[in-house]
There are 2 protein chains.
Amino acid sequence: MLSETISQIADFLFNPRSVAVIGASSDNEKERSGGWVGRLVQFGYRGRIYPINLNTEEILGLKAYHSVESIPDSVDYAIIAVPAQRVPEAVKQCIRKRIKMVHVYAAGFGETGKEEGGRLQAQLEDLIRNSETRLIGPNCMGVYSPESGLTFDTRFSKEPGPIGFLSQTGVGGRRLIYLANQRGLRFSKAISYGNALDLDGPDFLEFFLEDPKTKFILVYIEGLRQGKRFFSALKRCTKTRPVVMLKGGLSEGGAGAVASHTASLAGNRQVWQALFKQTGVIAVESFEEAVEQLVALVNLPIVKGRRVGLVGRGGGIGVVATDMCEAQGLLVPQFTQETREQLARITPAEAGSSVRNPVEIGLGKRGLSEHYGRGIKLVASDPQIDLVMTFLNPEDYIHYGIGDWAEQVSNELIELGKSLSKPLVVVFMPGRDVKVFELIIQIQDKCQEAGIACFSNFDAAIKATAKLVTYYEFKQDR
Amino acid sequence: MLSETISQIADFLFNPRSVAVIGASSDNEKERSGGWVGRLVQFGYRGRIYPINLNTEEILGLKAYHSVESIPDSVDYAIIAVPAQRVPEAVKQCIRKRIKMVHVYAAGFGETGKEEGGRLQAQLEDLIRNSETRLIGPNCMGVYSPESGLTFDTRFSKEPGPIGFLSQTGVGGRRLIYLANQRGLRFSKAISYGNALDLDGPDFLEFFLEDPKTKFILVYIEGLRQGKRFFSALKRCTKTRPVVMLKGGLSEGGAGAVASHTASLAGNRQVWQALFKQTGVIAVESFEEAVEQLVALVNLPIVKGRRVGLVGRGGGIGVVATDMCEAQGLLVPQFTQETREQLARITPAEAGSSVRNPVEIGLGKRGLSEHYGRGIKLVASDPQIDLVMTFLNPEDYIHYGIGDWAEQVSNELIELGKSLSKPLVVVFMPGRDVKVFELIIQIQDKCQEAGIACFSNFDAAIKATAKLVTYYEFKQDR
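Residues numbered from 1 in each chain as written. Chains lettered and ligands numbered in written order. Predicted model: local features only at pLDDT ≥ 70, side-chain atom pairs only at ≥ 80, totals over all residues. Heavy atoms only, no water.

1. Focus: the interface of chain A and chain B
So, point 1. Taken together, the contact pairs 74 residues of chain A with 74 residues of chain B.
So, point 2. A combined buried area of about 5,600 Å² lies between chain A and chain B, and 54% of that area is made up of carbon and sulfur atoms.
So, point 3. Three residues stand out in chain A for area buried against chain B, namely Arg175, Arg432 and Phe437 of chain A, and they jointly supply 14% of the buried area on that side.
So, point 4. Remark: the boundary between chain A and chain B carries two salt bridges.
So, point 5. Of the charged contacts, one joins Asp445 of chain A and Arg432 of chain B as a salt bridge, the two residues approaching to 3.0 Å between their closest N and O atoms.
So, point 6. When residues of the side of chain A that touches chain B are traced back to their parent elements, those giving at least two are helix H2 (28–34), helix H6 (171–182), strand S12 (243–247), helix H9 (252–262), helix H11 (287–299), helix H12 (315–327), helix H15 (394–399) and helix H17 (434–449) of chain A.
So, point 7. With nine residues, H12 of chain A is the largest single contributor of residues to the side of chain A that touches chain B. (Contact = heavy atoms within 4.5 Å. Buried area = accessible area lost by both parts, 1.4 Å probe. Salt bridge = Lys/Arg side-chain N within 4 Å of Asp/Glu carboxyl O. Helix = DSSP H or I, 4+ residues; strand = E, 2+ residues; numbered from the N terminus.)

Structure, rendered in structure tokens:
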């Protein structure tokens, strides 16, 4: 193992010109539906694919080889998908073939907690240490690189974007990418690296730190060995790129679960919390929260303070939203006298109207009134307010039969987003109705294309906004 | 105002034989789509309806009267839907007509913070104090009583159920009922009582305390005047009926919002938190959480401890779920040696399998295996475990094209629910795909009919379960 920096090998990792799949299935149907060759073919991998299989000459129309050593050309990247016991032999062949990058998909190593698994992992470590080959895994899903067409799931978006993701979980990492894609988020690169026998969290962080295509970093991590290096890389990252981190194994039970998942030492909760604070990392507590945090980061401009102007219909709903904001460290202060007077001029004095913060204005049964936009603009121009959060209940509008509501709301919000001098956060209140669900998705997608952050519940919107403000404050203080 | 107990007037409140609507619209179309008479007709109110309007003889086929006093029969209940300035005169007429119960829908009283509103509210108070008439409101939606067909929204379920709900918010209360209905929950009675000029929180609590049809109580409250009476009623309630409470205005900003919403004094956060603890009230922090908490209470049997056995696919997902459980005060302990040995016998030693808690077993690509059910039964029989929580990802199954998955999963879960000696909590991981959304709803509804608690995210499932356990521990200790 040479002391190359990650950027020296990045091309082999994320843009390999050729991939060998050791353990490709000779059953074309099986390979197509769940195999690595099938995945690369379907996803449109742009390099050469070499299936390795002893019993067949062709897989999915590609010439198959009996071993990597029988491939006539050079190979940049190998995926090893054979059972754990056969992995050391496969790795030996890759080393002899001088394959730069090997991804060991197979599980059954350190994470089993059994002697056999530990022995196999130690054997791999020995092989790699004395070679020019670098290893991802074992027990992981490997690389997703939309630019080169390398992937571990064909459902992922083929479109590249600004998020770099390093993940110590495979199934969970896949879920995160998929959820994020559904929310309109796109990735520069993602790596699921499992037991991290060779390439580890700090390597990937250092890569993202210098990758011009990565503007945001998402991390799922369970444990690490090079704590100082990781810490230092994080500190440098957060200066230029917000880092969202889900740390698995912060609890006692979670630490036990981590041992059997990726054989990692989870570390102490206090230590990690200190690390989050010192590095400015945005810590999240669930997969869903990670995605919503990224939605906020990607779609919102820099938010300069924590004073929220709340605008929506329903006095009690505004009260609870205020409590939720303040519980997360945001503030819902009073407007200036001037703003209140101006709001009073456009607010009808009837059931459910208030010119105080949270303000209830112009959201009648018939859709958004002209007052709505004017009200939001008034709130945004108040010097006591740093950002506007507005909440809408699609259920009501569907009930009252306002057919073009989605159209009307998207246009109004996009228009507002353009004209306001302060950030606008939109919350669509969730329901359990398919029509409401579809309507929210439709508006969200339209608004997000225009760079407006839309959430489908208060909890997500408020947590993501609060943590975003805290990150920008941290950055400001440096 | 006589010192009648609430149970003496409950029939007039929840099962009035006749309702007068003061301020009915003479425009039939308008009345049908958004009026009180239209609402009662559409919802199938079972008593007599008397529309009051000066300009017409008939509204929606019902004979209209010029005033309540011109109605030939006695009237149990009146809804006053005229502007605030005209409310005192309407109330005077109701008092002269000896109408027992008056619901003042109109806003524009104490909650405006203006002199005029305060004066009007004081005037109403004077009138009521010296009468035999009782008043709900002003500034509220009134009563929903599915048994009698009285309602403030036609979307509510006509089917009665075990939940009694008292709400100091109208729009928010409506949203709560609607969300709860969509989740399969049903109400015995609900009251939105706004400014609480006469009938107040303690009155309704005391009613629910003795109502044989109410098994669970939901409270949205902003402030109260009879603190001691409320506290004492709550203490009695929680002995026999779990109380879920969303307190609006716990934060500083929230308390300000409460003043302009229902003119209530919100009170101090510490005082309320002490009250929750001493009374065993289950405090929640959002409308959505309130509903999910009720789903847990209605569908889960008594849970005897906080040790969770987690079963699902995805090592990282299990790790994060473990952390989330422990953050909420649940525990995810190790299984006994015996359970682990038995699990090892049915668990294939391949990528993504673990016989430790959280356990990953028999959830392959092809749907639920026979191992899945056996695994859950083994976990449930472990003496270290008090309840089982299983998580499933519908997205994967749709992706792999398992057509009858919903059917397969519902049947298996219902079968398991019947055979286990410990509670079963099911989490369907959410996505943003309409098909997934529909699939989850379909399975949830089927399972909940069979009394299994199904959630669509970890956060909701874990919080609701943890608070449920805390409630049963509190009850046990009394």
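2. Side note on the sheet that holds strand S16 (residues 424–428) of chain B
All names here are of chain B.
So, point 1. Strand order across the open sheet formed by four strands is S14-S15-S16-S17, with parallel pairing between neighbours. A single partner strand is all that each edge strand has here, and the edge strands are strand S14 (308–312) and strand S17 (453–455). Taking each pair of neighbouring strands and ignoring which way they run, the sheet shows an average axis angle of 20°.
So, point 2. Summarising the sheet, strand S15 (residues 387–392) and S16 pair through five bridges and their orientation is parallel. Paired with Val388 across the bridge in S16 is Leu424.
So, point 3. Across the sheet, helix H14 (residues 370–380) is in contact with S14 and S15; its angle to S15 comes to roughly 150°.
So, point 4. Its contacts with the sheet place helix H17 (residues 434–449) against S16 and S17, and it is angled at close to 165° to S17. (Pairing = 2+ DSSP bridges. Axes fitted to C-alpha atoms, helices over the stretch in contact; angles between N-to-C directions.)

3. Digging into the environment of Val436 of chain A
All names here are of chain A.
So, point 1. With respect to the element layout, Val436 can be found in helix H17.
So, point 2. Of the residues examined, Val436 reaches a relative accessible area of 1% and is grouped as buried.
So, point 3. Linking Val436 and Glu132, residues 304 residues apart in sequence, is a C-alpha distance of 55 Å. (Buried < 20%, exposed > 50% of the residue type's maximum accessible area, 1.4 Å probe, protein only.)

4. Let's talk about the pattern of salt bridges
So, point 1. The final tally for this structure, using the stated rule, is 48 salt bridges over all chains.
So, point 2. With a shortest N-O distance of 3.1 Å, Arg119 of chain B and Glu116 of chain B are connected by a salt bridge. Taken as a pair, Arg119 of chain B and Glu116 of chain B lie in helix H5 (residues 115–129) at a separation of three residues, close to a single helical turn.
So, point 3. The exposure class assigned to Glu116 of chain B is partly exposed, which follows from its relative accessible area of 38%.
So, point 4. Residues Lys213 of chain B and Glu147 of chain B are paired through a salt bridge, measuring 3.0 Å at the closest nitrogen-oxygen approach. Taken as a pair, Lys213 of chain B in the loop between helix H7 (201–210) and strand S11 (216–221) and Glu147 of chain B in the loop between strand S8 (142–144) and strand S9 (160–167) lie far apart in primary sequence, 66 residues in all.
So, point 5. Residue Lys213 of chain B is classed as partly exposed on the basis of its relative accessible area, which comes to 45%.
So, point 6. Residue Glu147 of chain B is classed as partly exposed on the basis of its relative accessible area, which comes to 32%.
So, point 7. Sharing partners across several salt bridges, the network here consists of Glu125, Asp126 and Arg129 of chain A.

5. So, the sheet that holds strand S13 (residues 282–284) of chain A
All names here are of chain A.
So, point 1. Read from one edge of the open sheet, six strands run S8-S10-S9-S11-S12-S13, paired in mixed fashion. Each end of this open sheet is capped by a strand with a single partner; those strands are strand S8 (142–144) and S13. Each strand axis lies, on average, 20° off the axis of its neighbour in the sheet, ignoring direction.
So, point 2. Bridge count for S8 against strand S10 (residues 187–192) is three bridges, and the pairing is antiparallel. In the sheet register, Val143 faces S10, and the bridge partner there is Ile191.

6. Thoughts on unusual backbone geometry
So, point 1. Each neighbour pair has its own omega, and for Asn357 of chain A with Pro358 of chain A the value is 0°, a cis peptide bond.
So, point 2. Take Pro358 of chain A: it is sitting in the loop between helix H13 (337–346) and helix H14 (370–381).
So, point 3. A positive phi angle, near 55°, is found at Arg98 of chain B, a position not held by glycine.
So, point 4. Its location among the elements puts Arg98 of chain B in the loop between helix H4 (87–96) and strand S6 (101–104).
So, point 5. What makes Arg98 of chain B exposed here is its relative accessible area of 62%.

7. Some words on helix H18 (residues 458–477) of chain A
Residues separated by three or four positions in an α-helix point in the same direction, a consequence of the helix having 3.6 residues per turn.
Residue and element names in this part refer to chain A.
So, point 1. Between its first and last C-alpha atoms H18 spans 28 Å; for 20 residues at 1.5 Å apiece the expected length is 28 Å, and the two agree.
So, point 2. Burial analysis of H18 places 14 of its 20 residues in the buried class, which makes it a mostly covered element.
So, point 3. Measuring from the side-chain oxygen of the N-cap residue of H18 to the backbone nitrogen of Asp459 gives 3.2 Å; that N-cap residue is Asn457. (Expected span 1.5 Å × (residues − 1). Polar contact = N/O pair within 3.5 Å; in protein donor to acceptor, adjacent residues only side chain to side chain.)

8. Section: the packing of H4 of chain B against H5 of chain B
Residue and element names in this part refer to chain B.
So, point 1. Relative orientation of the contacting elements H4 and H5 amounts to 5°, with a least axis distance of 10 Å. The angle between the axes of H4 and H5 places the two elements in the roughly parallel class. The segment H4 lies against H5, with Val87, Pro88, Val91, Lys92 and Ile95 engaging Leu120, Gln123, Leu124, Leu127 and Ile128.
So, point 2. Among the residues forming the contact of H4 with H5, the class breakdown is eight nonpolar, one polar and one charged. (Parallel < 35°, antiparallel > 145°, perpendicular 65-115°, else oblique. Nonpolar A, V, L, I, M, F, W, Y, C, P; charged D, E, K, R; others polar.)

9. Comments concerning the side chain of Glu31 of chain B
All names here are of chain B.
So, point 1. Along the polypeptide, Glu31 turns up in helix H2 (residues 28–34).
So, point 2. Of the buried charged residues, Glu31 lacks a salt bridge, with Arg39 as the closest side chain of opposite charge at 7.3 Å.
So, point 3. Here Ser25 takes part through its backbone nitrogen, which lies 2.7 Å from a polar atom of the side chain of Glu31.
So, point 4. Ignoring sequence-local partners within four residues, the contact set of Glu31 consists of Ala24, Ser25, Trp36, Val37, Gly38, Ile59 and Leu60. (Lys, Arg positive; Asp, Glu negative; His and termini not counted.)

10. Digging into the nonpolar core
So, point 1. If you look at the biggest cluster of nonpolar residues, it comprises 216 residues, and the most contacted ones within it are Ile136 of chain A together with Ile136 of chain B.
So, point 2. Setting aside its immediate chain neighbours within four residues, Ile136 of chain A contacts Leu13, Tyr77, Met101, Val102, His103, Val104, Gly142, Val143, Ile191, Ser192, Tyr193 and Leu199 of chain A. (Core = buried A, V, L, I, M, F, W, Y, C linked by side-chain atoms within 4.5 Å.)

11. Description of the packing of aromatic side chains
So, point 1. All chains considered together, the criterion is met by 31 aromatic pairs over all chains.
So, point 2. Geometrically, the ring pair formed by Phe165 of chain A and Phe187 of chain A is tilted, given 6.1 Å between the ring centres and 40° between the ring planes. Within this pair, whereas Phe165 of chain A is found in strand S9 (residues 160–167), its partner Phe187 of chain A is found in strand S10, the two being separated by 22 residues in sequence. As far as the burial class goes, Phe165 of chain A and Phe187 of chain A line up, both buried.
So, point 3. Look at Phe43 of chain B and Tyr144 of chain B: their rings are 6.3 Å apart centre to centre, the planes differ by 65°, and that puts the pair in the edge-to-face class. With Phe43 of chain B in helix H3 (residues 36–43) and Tyr144 of chain B in strand S8, this residue pair connects regions lying 101 residues apart in the sequence.
So, point 4. Cluster of aromatic residues (ring-pair linked, three or more members): Phe43, Tyr144, Phe152, Phe156, Phe165 and Phe187 of chain A.
So, point 5. Over the ring of Phe12 of chain B we find Lys100 of chain B; its NZ or CZ atom is 6.0 Å from the centre of that ring. (Phe/Tyr/Trp six-rings, centres within 6.5 Å; stacked < 30°, edge-to-face > 60°. Lys NZ or Arg CZ within 6 Å of the ring centre and 35° of its normal.)

These figures capture arrangement, not role.
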